[in-house]
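Listed below, chain by chain, are the residues.
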Amino acid sequence: MTFSQLEIIDPILKALDEQGYTNPTPIQEQAIPILLKGRDLLGCAQTGTGKTAAFAIPILQHLFLNRQSKKGNRKIKALIVTPTRELAIQINNSFKAYGKHTGLRSSVVFGGVKQHQQVNELRQGVDILVATPGRLLDLMQQGIISLANIQISVLDEADHMLDMGFVHDIKRIIAALPSRRQSLFFSATMPNEIVSLSRKILGNPEKITINPEKATADRVEQSLYYVIKKAKARLLIHLLNKGNYESVLVFSRTKYGSDKIVKILNKADYKAEAIHGNKSQSARQRALKNFKEGTTKVLVATDIAARGIDISELSLVVNYDLPSVAETYVHRIGRTGRASASGIAISFCQADERQYLKEIQKLIGQKIKVIAEHPFVDEKEEATEAPSRPPRQNRKRTTKKTGSGNNYRQGRKR
Ligand code: AMP
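Because the structure is predicted, anything quoted here is derived from the model rather than measured. All chains use their own residue numbering, which begins from 1 and follows the written sequence. Totals for whole chains, interfaces and linings use every residue, but because this is a predicted model, local features are given only for residues with pLDDT of at least 70 and side-chain atom pairs only at 80 or more, for both listing and counting. Hydrogens and water molecules were not included; the side-chain quantities draw on all heavy atoms of the structure.

This next bit is on the overall build of the protein chain. Check the secondary structure of the protein chain and you find 18 helices and 14 strands. For the exposure calls, accessible area comes from a 1.4 Å probe over protein chains only, and a residue counts as buried if that area is under 20% of its type's maximum, exposed if over 50%, partly exposed in between. In the protein chain, which comprises 414 residues, the share counted as buried stands at 53%. Residue contacts are defined here by distance: any two heavy atoms, one from each residue, within 4.5 Å place the two residues in contact. Sequence-distant contacts in the protein chain: of pairs separated by 6 or more residues, those separated by 24 or more amount to 73%. Surface exposure of the protein chain reaches about 20500 Å², of which carbon and sulfur atoms provide 48%. Elements are defined by DSSP. Helices are runs of H or I of four residues or more, strands are runs of E of two residues or more, and each kind is numbered from the N terminus. Note that accessible areas follow from Shrake-Rupley with a 1.4 Å probe, and for residues the cover is restricted to the protein chains shown.

Here it is as structure tokens:
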């Protein structure tokens, strides 16, 4: 599926192309046609799924197609209410990026800063306003913002809003909206309170649910290597030699295992460090800092140690050991790439991890692509999964005979 198949107009297609978006994410594929028809929408989806573009594109398209040529002050016609300043800024930036060639103007208001600059922008006239609830109400009370001309309203991260105590603010905002409008309501979870709030806002909405596990898995390029336990380190070095990865996060099940991987990588001249519970806080922070700055290319972590680390934009995630809990796999691979398809995750699977693999594949709703050709194939395991491999005479033998088993000694300095 491409964006043009969703009947998106050229000025927006052009902007999406400039953003490097080639295909819509699942939520975009589902939500855009519904919203272009003018229907209300109840979306159960999280940030990270491509949700912003799913509502921003149809809003921009609607406003562009219904724009009025006469000069005069622009009125706010689309309102997006979101809980945090960071989200508000991000959403406004997305509108600016996707709407770059439409001539439509968007702006953002949020609390915690002086209102002067925000008011100045509003006075110049905007078509789309992104706002956090408190500042929006404040500016409405001052008569600076009017919602009388809103055609489309979006309530984003509704569950998050309620958790932050915005329920009364939201109700007041909703009460100020014109009754004839298109309404969109997004929430990552749907507890009863959210369902009843959604009923107050939406007419007869279409509903879509995006399984976050599936969404993550869909956007990350994943592959699987059947390999015996003893050959995992050599396979890792082989793959690092082959690819030109900037930053690699390797997950190991045990602390001892992660130290061992680091030792082997260092021997192969890869700058690697481990973070796990046995390391002091300062050693962990140092390792993390080195990794973020790029002096360490490979960080080896256990799941618990990795939980608190804030690193995005990884080139590669390696599941050196498969996790015993399927959701952990999704959290791990979700660290590479965003909604774009640029993330890469490689998993090693030894004989006794087959059950974990089954559960992971069930959760993500897909089979991970098996790489049948590599120098360390676990013949027994791979044969059951990939019967179509090439005839034996064309295949490389495992380990020593190819010479690749020594890769770690030949590794280049990174
Ligand atoms: P969101 O869930 O809206 O916060 O989007 C998460 C990230 O995905 C943002 O960085 C977007 O720029 C990016 N993104 C959204 N849609 C697409 C797409 N169709 N292709 C590639 N990246 C996308």
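We now examine the sheet that holds strand 5 (residues 152-155). Paired strands, in this sense, are two strands between which DSSP finds at least two bridges. Pairing is parallel in the open sheet, where 7 strands are placed in the order 3-4-2-5-6-1-7. Looking at the sheet topology across the chains shown, the edges are occupied by strand 3 (106-109) and strand 7 (206-209). With direction set aside, neighbouring strand axes in the sheet form an average angle of 15 degrees. The axes are straight lines fitted to the C-alpha atoms, using for helices just the contacting stretch, and the angles between their N-to-C directions are given from 0 to 180°. Contacting strand 1 (41-44), strand 5 and strand 6 (182-187), helix 9 (residues 192-201) crosses the sheet at an angle of about 170 degrees to strand 6.

Here the focus is the site of the ligand. Definition of nearness: a residue and a molecule or strand are near each other if at least one heavy atom of the residue lies within 4 Å of the molecule or strand. Lining the immediate surroundings of the ligand are 15 residues, of which Tyr21, Gln28, Gly48, Gly50 and Thr52 lie closest. At 2.4 Å from an oxygen atom of the ligand is found a side-chain nitrogen or oxygen belonging to Tyr21. Here an oxygen atom of the ligand sits 3.2 Å away from a polar atom, N or O, in the main chain of Lys51. Contact with the protein chains covers 85% of the free accessible surface of the ligand, which is 490 Å². Think of it as three bins: nonpolar holds Ala, Val, Leu, Ile, Met, Phe, Trp, Tyr, Cys and Pro, charged holds Asp, Glu, Lys and Arg, and polar takes everything else, Gly as well. Each residue belonging to the shell around the ligand can be placed in one class, and the counts come to 4 nonpolar, 10 polar and 1 charged. Here a polar contact means two N or O atoms within 3.5 Å. Within protein one must be a hydrogen donor candidate and the other an acceptor candidate, and residues neighboring in sequence count only if both atoms are side-chain atoms.

This next bit is on the pairing of strand 6. Counting buried positions over the 6 residues of strand 6 gives 6, a clear majority of the element. Here strand 6 shows two buried faces, one formed by Gln182, Leu184 and Phe186 and the other by Ser183, Phe185 and Ser187. As defined by bridge partners, strand 1 adjoins strand 6 across 4 bridges and the pair is classed as parallel. Along strand 6, the bridge assignment pairs Leu41 with Leu184. Examined bridge by bridge, strand 5 and strand 6 share 4 bridges and lie parallel to one another. Along strand 6, the bridge assignment pairs Ile152 with Gln182.

Before going further, it helps to examine the nonpolar core. As used here, the term nonpolar core means buried Ala, Val, Leu, Ile, Met, Phe, Trp, Tyr and Cys residues forming a set that is joined through side-chain atoms within 4.5 Å. With 42 residues, the main nonpolar core has Phe55, Ile59, Ile80 and Phe95 as its most contacted residues. Elements supplying a minimum of two residues to this core: helix 1 (10-19), helix 2 (26-36), helix 3 (51-65), strand 2 (78-81), helix 4 (85-98), strand 4 (128-131), strand 5 and strand 6. The element that contributes the greatest number of residues to this core is helix 3, accounting for 9 residues. Residues contacting Ile80, with those up to four places away along its chain left out, are Phe55, Ile59, Ile91, Phe95, Ile128, Leu129, Val130, Ala131 and Val154. Counting 31 residues, the second largest nonpolar core, distinct from the first, contains Val81, Leu129, Ala131 and Leu177.

A few words on unusual backbone geometry. In the Ramachandran plot, Glu157 falls in the positive-phi region, its phi being about 55 degrees despite a non-glycine side chain. Relative to the elements of secondary structure, Glu157 occurs in the loop between strand 5 and helix 7 (158-163). Backbone geometry places Asp269, a non-glycine residue, at a positive phi of 70 degrees. Here Asp269 lies in the loop between helix 12 (255-267) and strand 10 (272-275). A relative accessible area of 31% means that Asp269 is categorised as partly exposed.

Here we take up the side chain of Asp127. Within the element layout of this structure, Asp127 appears in the loop between helix 5 (116-123) and strand 4. A distance of 2.7 Å separates a polar side-chain atom of Asp127 from the backbone nitrogen of Arg105.

Another aspect to go through is the sheet that holds strand 13 (residues 343-349). If you trace the 7 strands from one edge of the open sheet to the other, you get 10-11-9-12-13-8-14, paired in parallel fashion. Of all strands in the sheet, those bounded by a partner on one side alone are strand 10 and strand 14 (369-370). Both strand 10 and strand 11 (residues 298-301) contribute to a ladder of 4 bridges, which runs parallel. Within the sheet, the bridge partner assigned to Ile275 lies in strand 11 and is Ala301. Packing of helix 11 (residues 232-242) onto the sheet brings it into contact with strand 8 (220-226), strand 9 (248-251), strand 11, strand 12 (316-319) and strand 13, and relative to strand 13 it is tilted by some 155 degrees.

It is worth spelling out the pairing of strand 2 at this point. What you see with strand 2 is no split at all: Ala78 and Ile80 on one side and Leu79 and Val81 on the other are buried throughout. Sheet topology places strand 2 next to strand 4; 4 bridges connect them, and they run parallel. Bridged to Val81 within strand 4 is Ala131. Where strand 2 lies against strand 5, 4 bridges are found, and the strand directions are parallel. Among the inter-strand pairings, Val81 is bridged to a residue of strand 5, identified as Leu155.

Bringing the confidence of the model for the protein chain into the picture now. A residue's pLDDT is simply how confident the predictor is in it, with values from 0 to 100. Looking at the protein chain as a whole, the pLDDT averages 86, with 87% of positions reaching at least 70. Predicted confidence for residues 382-414 stays below pLDDT 50, and this span has 62 contacts to residues more than four positions away or in other chains.

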